[in-house]
Amino acid sequence: MPTDFTTPFSISVPATSANLGPGLDVLGLSLDFRNEFSLYPASATSIEIYGEGEGVKRFIVDNMFVKVFYKTIRMLNEEYAKGKGQPQYRFVFHNKIPISRGMGSSSAIIIGAISAAYRALGLQLDRDSIVQKALSYEPHPDNITPATFGGLNVAMLGEGKDRGKVLHIKHNMPSCLRAVMVIPHRSTSTKISRQSLPKKYSFNDAVYNLSHASLLVASIMQEKWDLVRQASRDRFHQERRMRSTPVLFAVQKCALENGAILSTLSGSGSSFLSLCLEDDTKRLFGALSAKFGKLRVVEMGLDNEGIKLEK
């Protein structure tokens, strides 16, 4: 690995879907739909964006990836922390992940920037350290864990001697599953979306979500797909958040009638995730595309790799 900042490299990070219904702030799934971040040594810093965010001036003027990258460089290297001139790059971003649509675009940028700093300094990509550093920017681990490790992740913040540490279990997803994502043109602010949620939940609703989230994870790990549909129901957040984009109720109904084993709001929305067995993909994709032609419908695989060093 380079230590003189003269070697170009690229890192990609997958999209993610958090919550999966009842697993609010706990469950996250990695999708084979990636942003790729390429860094080329240069005499001065410059930024190029292609795909999502292309042509948006504020992403050039105040770029999150570049800010997190240089902050991490200073954090990891004493010389740069003391004021040594920072390395200059031409940053080239090829973004597939829609912005503010509940598919983990912020997490992908944060994880990508921290990983790139490790790579630029010639350090191994220590995924546990990377996800821990990402907490400074993303306080909930449901998106940053699958973005880093791939697969299905159950994550929480530790207590006691592990206080503030991301504790998680990863499960590799089988190749027999596919994802179909319906992506409205309307963006959603996670912060504003959270304000629609109650401060307290009833005992019955708490038990409901606890039982459903637990059964959902067990069903996926044991590949008991007949249980996943029922186990993915939620009483904590999904219906309240969907009210801001009412068409999502029809999206969910259509998906469940056409082969989806799970159909849930992706993160805080506005995108909607449906999982199906591979043989049902054509039927599900076709039904959603036909009925919701004004929305973007994308089919994709699931990802078990997380961060990838592309070159």
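Up top is the structure.
Residues numbered from 1 in each chain as written. Predicted model: local features only at pLDDT ≥ 70, side-chain atom pairs only at ≥ 80, totals over all residues. Heavy atoms only, no water.

**Here's the deal with the overall build of the protein**
- The secondary structure content of the protein amounts to twelve helices and eleven strands.
- The globule rule puts the C-alpha radius of gyration for 311 residues at 19 Å, and the 20 Å found for the protein is close to it.
- Dimensions of the protein, computed from C-alpha atoms along their principal axes, come out at roughly 60 × 50 × 35 Å.
- Within the protein, the fraction of its 311 residues that count as buried is 52%.
- Element-wise, carbon and sulfur atoms account for 51% of the exposed surface of the protein, whose accessible area totals about 14400 Å².
- Looking at the protein, you have 39 positive and 29 negative side-chain charges, and the mean spots of the two groups are 6 Å apart. (Helix = DSSP H or I, 4+ residues; strand = E, 2+ residues; numbered from the N terminus. Rg over C-alpha atoms; globule rule 2.2 N^0.38 Å. Buried < 20%, exposed > 50% of the residue type's maximum accessible area, 1.4 Å probe, protein only. Areas by Shrake-Rupley, 256 points an atom, 1.4 Å probe, with all protein chains shown as cover. Lys, Arg positive; Asp, Glu negative; His and termini not counted. Charge placed at Lys NZ, Arg CZ, Asp CG, Glu CD.)

**Quick word on helix 2 (residues 64-76)**
- Across its 13 residues, helix 2 extends 18 Å between first and last C-alpha, which sits within 8% of the 18 Å expected from 1.5 Å per residue.
- Looking at where helix 2 begins, the residue whose side-chain oxygen comes 3.0 Å from the main-chain nitrogen of F65 is N63. (Expected span 1.5 Å × (residues − 1). Polar contact = N/O pair within 3.5 Å; in protein donor to acceptor, adjacent residues only side chain to side chain.)

**Section: the pattern of salt bridges**
- If you walk through the whole model with that rule in mind, you get eleven salt bridges.
- Ionic pairing is found between D303 and R34, a salt bridge with its closest N-O pair at 2.8 Å. Taken together, the residues span a long stretch of sequence, with D303 in the loop between strand 10 (296-300) and strand 11 (308-309) and R34 in strand 2 (residues 27-41) at a distance of 269 residues. No difference in accessibility class separates D303 from R34, as the two residues are buried. (Salt bridge = Lys/Arg side-chain N within 4 Å of Asp/Glu carboxyl O.)

**Observations regarding the environment of L125**
- With respect to the helices, strands and loops of the structure, L125 is situated in the loop between helix 4 (105-120) and helix 5 (127-134).
- As a C-alpha pair, L125 and I60 span 65 residues in sequence and 27 Å in three-dimensional space.
- Residues in contact with L125, not counting those within four places in the same chain, are S115, Y118, R119, I130 and I307. (Contact = heavy atoms within 4.5 Å.)

**Topic: the layout of surface pockets**
- Roughly 900 Å³ of internal volume is contained in the largest pocket.
- Only strand 1 (9-18), strand 2, helix 1 (57-61), helix 2, strand 4 (89-95), helix 4, helix 6 (141-149) and helix 7 (190-194) provide two or more residues apiece to the lining of the largest pocket.
- The greatest single-element share of the lining of the largest pocket, amounting to five residues, is contributed by helix 4.
- Each pocket or cavity is described by its volume, and for the second largest pocket that value is around 180 Å³. (1 Å grid on protein atoms, 1.4 Å probe; cavity = no way out; pocket = protein on both sides within 12 Å on 5 of 7 lines; lining within 4 Å. Points joined across faces, edges and corners; volume = space filled by probe spheres on them.)

**Examining the packing of aromatic side chains**
- Counting across every chain of the model gives 13 aromatic pairs.
- Judged by centre distance (4.9 Å) and plane angle (55°), the rings of F65 and F93 are tilted. Pair noted here: F65 is in helix 2 and F93 is in strand 4, with a separation of 28 residues, a long-range link. Accessibility assignment for this pair places F65 and F93 in one class, buried.
- Both rings, one in F69 and one in Y70, keep their centres 5.0 Å apart while their planes meet at 70°; by these two values the pair is edge-to-face.
- Using a relative accessible area of 0% as the deciding quantity, one classes F69 as buried.
- Looking at Y70, the relative accessible area reads 5%, which means it is buried.
- Within the aromatic cluster, the residues linked to one another by ring pairs are F9, F37, F65, F69, Y70, Y89, F91 and F93. (Phe/Tyr/Trp six-rings, centres within 6.5 Å; stacked < 30°, edge-to-face > 60°.)

**Topic: unusual backbone geometry**
- Cis geometry is adopted by the peptide bond preceding S270, which originates at G269 and carries an omega value of 10°.
- Looking at the element boundaries, S270 is found in the loop between strand 8 (260-265) and strand 9 (272-277).
- The backbone of D25 sits at a positive phi, close to 65°, despite the residue not being glycine.
- One non-glycine residue, S100, lies in positive phi territory at about 55°.
- Position of S100 among the secondary structure elements: in the loop between strand 4 and helix 4.

**Concerning the sheet that holds strand 7 (residues 177-183)**
- Taken together, four strands build an open sheet; the order of strands is 8-9-7-10 and the sheet is antiparallel. Pairing within the sheet leaves two strands with one partner each, and these edge strands are strand 8 and strand 10. Going across the sheet, the axis of each strand differs from the next one's by a mean of 20°, ignoring polarity.
- Strand direction decides the pairing type here: strand 7 and strand 10, joined by five bridges, are antiparallel. Bridge pairing links A179 to M300 in strand 10.
- Across the sheet, helix 11 (residues 247-257) is in contact with strand 7, strand 8 and strand 9; its angle to strand 8 comes to roughly 170°. (Pairing = 2+ DSSP bridges. Axes fitted to C-alpha atoms, helices over the stretch in contact; angles between N-to-C directions.)

**Considerations on the nonpolar core**
- Residues L29, L31, F65, F69, Y89, F91 and L273 are the most contacted members of the largest nonpolar core, which totals 65 residues.
- Considering every element that reaches this core, the biggest residue donor is helix 4, with nine residues.
- Not counting chain neighbours up to four residues away, the residues in contact with L31 comprise P14, A15, T16, S17, A179, M181, L273, M300, G301, L302 and D303. (Core = buried A, V, L, I, M, F, W, Y, C linked by side-chain atoms within 4.5 Å.)

**As for helix 11**
- Of the residues making up helix 11, those classed as buried are L248, V251, Q252, C254 and A255. Projected down its long axis, helix 11 shows its buried positions confined to an angular sector of 165°, all on one face.
- Downstream of helix 11 by one or two residues, G259 has phi in the positive range, about 105°. (Arc of directions from axis to C-beta.)

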